[in-house]
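# Chains, contacts and geometry: an overview
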Amino acid sequence: MRRICCFCETWESGGIESFLNNILLHMDLTDMEVDIVAACVKHSIFTQNLEGKGIRVLELSGRLRSPGNYPLFRKLLQERAYDVVHFNLFQGMSLYYVQIAKEEGVPIRIAHSHNTALRKSKGRWLKMLLHKLGSSLYASAATEFWACSGAAAKFLFPAGDLKKKNYRFIPNGIDVERFKFNQTMRDEVRAKLGITDAFVIGNIGRLCYQKNQSFLIELMPELLERRPNAKLLLVGEGEDKGALVRRTKALGVSGNVLFYGITDEPEKLYCAMDVFAFPSRFEGLGIVAIEAQANGLPVVCSQFVPQEASVTTKFHRLSLHAGTAAWVSKLLKSDNSQIPRKDEWKHVVHSGYDISDVSAFIHHYFIGVPSI
């Protein structure tokens, strides 16, 4: 039995957790013992299904920035003697965990970059300094560099190390069959939400600075002038929710913005949408853009969503600096709700994003057959 550790600093219901959930649920685990290890474990919509497959979710100190995480991780490595540690990271100081794994003799140490920037916060300049310091000091401890995009690789790994080792592009795979468009599902969800006759712009993601849902709130008054039946469907929770709700009331658009909350059935909500809007301030890849395209939705995204996320002709990038008027025009022009959504999923498969292919590739690395 191979012992595998999938590490991420926080375990909850975000993009990294979704990625691990997808690959592990589609992986044959008969020849592996898999632990998910995180400094801090919170409620996650993914935990129950993974535990049902025999995967353990282990917490270190319970605090994200506690220095006690490092000795706890070292002790865990000594106890479990993992063959592989797959580090799913979004900033450079986390690479110190890779250094610890090297010191403890873990033979395969995969550093997997999922991000392209740090979120806005007090002391961000200091965090960027520490990020660059951690990257320069500890990236070389990894035996493999993986990334969900070229931009994500450049963000986490120093140019010199990339030149020596390069990186492997790992598509954030999805269950394409699950996300295919379904007309019955669309009709049911739209009826349940009271948006049967509406033009629905959707967004799925944590309500936070990175995902920039505030930009979509700001364009609603102008959108409603041009399309009075427009609705904005926001799926997710996060620290910005209170401010977003208050802003909808201040702009007089609260009746046209739906805060859905989190869901473990996003495929139903994609079916209910007419256009997917993705104005992120930074993205490692943006897996929801892939899911939306598999569903046949047109996607209008910011310039910060990597080009690797473009898999259909319905993918459009537009600078946030273009302003709300340009975004409103692009969203309206992208509306193809009268055109059947049926074959776009094929482009997702051909682009390498089918979860079965991605999971099989990673499985071979985990069991020590990296030649696939």
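Data block above holds the structure.
Structure report, in brief. Each chain carries its own residue numbering, running from 1 in the written order of its sequence. Selection of residues for local features in this predicted model requires a pLDDT of at least 70, selection of side-chain atom pairs for listing and counting requires 80 or more, and totals for whole chains, interfaces and linings are taken over all residues. Where side-chain values are given, they derive from all heavy atoms of the structure, hydrogens and water being excluded.

## Focus: the sheet that holds strand β7 (residues 108-113)
Overall, parallel pairing links the seven strands, which are arranged β5-β3-β1-β6-β7-β8-β9 in an open sheet. Edge strands, defined here as strands with exactly one partner in the open sheet, are β5 (56-59) and β9 (168-169). Any two strands between which DSSP finds at least two bridges are classified as paired. The numbering of helices and of strands both runs from the N terminus, where a helix is a DSSP run of H or I of at least 4 residues and a strand a run of E of at least 2. As paired strands, strand β6 (residues 84-89) and β7 are joined by six bridges and run parallel to one another. Within β7, the position partnered with Phe 87 by the bridge is Ala 111. Helix-sheet contacts for helix α4 (residues 96-103) involve β1 (2-8), β6 and β7, and the interaxial angle to β6 is about 170 degrees. Whether two residues are in contact is decided by their heavy atoms: any pair within 4.5 Å suffices. In this analysis, axes come from line fits to C-alpha atoms, helices being fitted only over the stretch in contact, and the angle between any two N-to-C directions falls in the range 0 to 180 degrees.

## What to know about a nonpolar patch on the surface
The patch calculation keeps residues exceeding 30% relative accessible area without a salt bridge and links them within 9 Å when they carry like charges or within 5 Å when they are nonpolar (Val, Leu, Ile, Met, Phe, Trp, Tyr). Accessible surface area values rest on a Shrake-Rupley calculation with a 1.4 Å probe, where residue burial reflects the displayed protein chains alone. Note on definitions: salt bridges are taken to be side-chain nitrogens of Lys or Arg within 4 Å of carboxyl oxygens of Asp or Glu. Where nonpolar side chains cluster on the molecular surface, the patch consists of Trp 125, Leu 126, Leu 129, Leu 130, Leu 133 and Leu 137 and spans about 610 Å² of accessible area. If you trace the backbone, Leu 133 turns up in helix α5 (residues 124-138).

## Concerning the sheet that holds strand β13 (residues 275-278)
In spatial order, the strands read β12-β11-β10-β13-β14-β15; together these six strands make up an open sheet with parallel pairing. Looking along the sheet, the strands with just one partner apiece sit at the ends: β12 (257-261) and β15 (315-317). Sheet twist, expressed as the mean angle between neighbouring strand axes with direction ignored, is 25 degrees. Where strand β10 (residues 199-204) meets strand β11 (residues 230-235), six bridges bridge the pair, whose relative direction is parallel. Along β11, the bridge assignment pairs Asn 203 with Leu 234.

## Overview of the nonpolar core
Counting 64 residues, the largest nonpolar core has Phe 7, Phe 73, Met 273 and Phe 276 as the members making the most contacts within it. It is helix α12 (residues 287-294) that contributes the most residues to this core, six residues altogether. Within the second largest apolar cluster, 29 residues are counted, among which are Trp 11, Val 34, Leu 50 and Val 84. Put simply, a nonpolar core is a bunch of buried Ala, Val, Leu, Ile, Met, Phe, Trp, Tyr and Cys residues held in one set by side-chain atoms that sit within 4.5 Å of each other. Only protein chains enter the calculation, and the probe is 1.4 Å; a residue is then buried if its accessible area is under 20% of its type maximum, exposed if over 50%, and partly exposed in between.

Nothing here speaks to function; it is geometry throughout.
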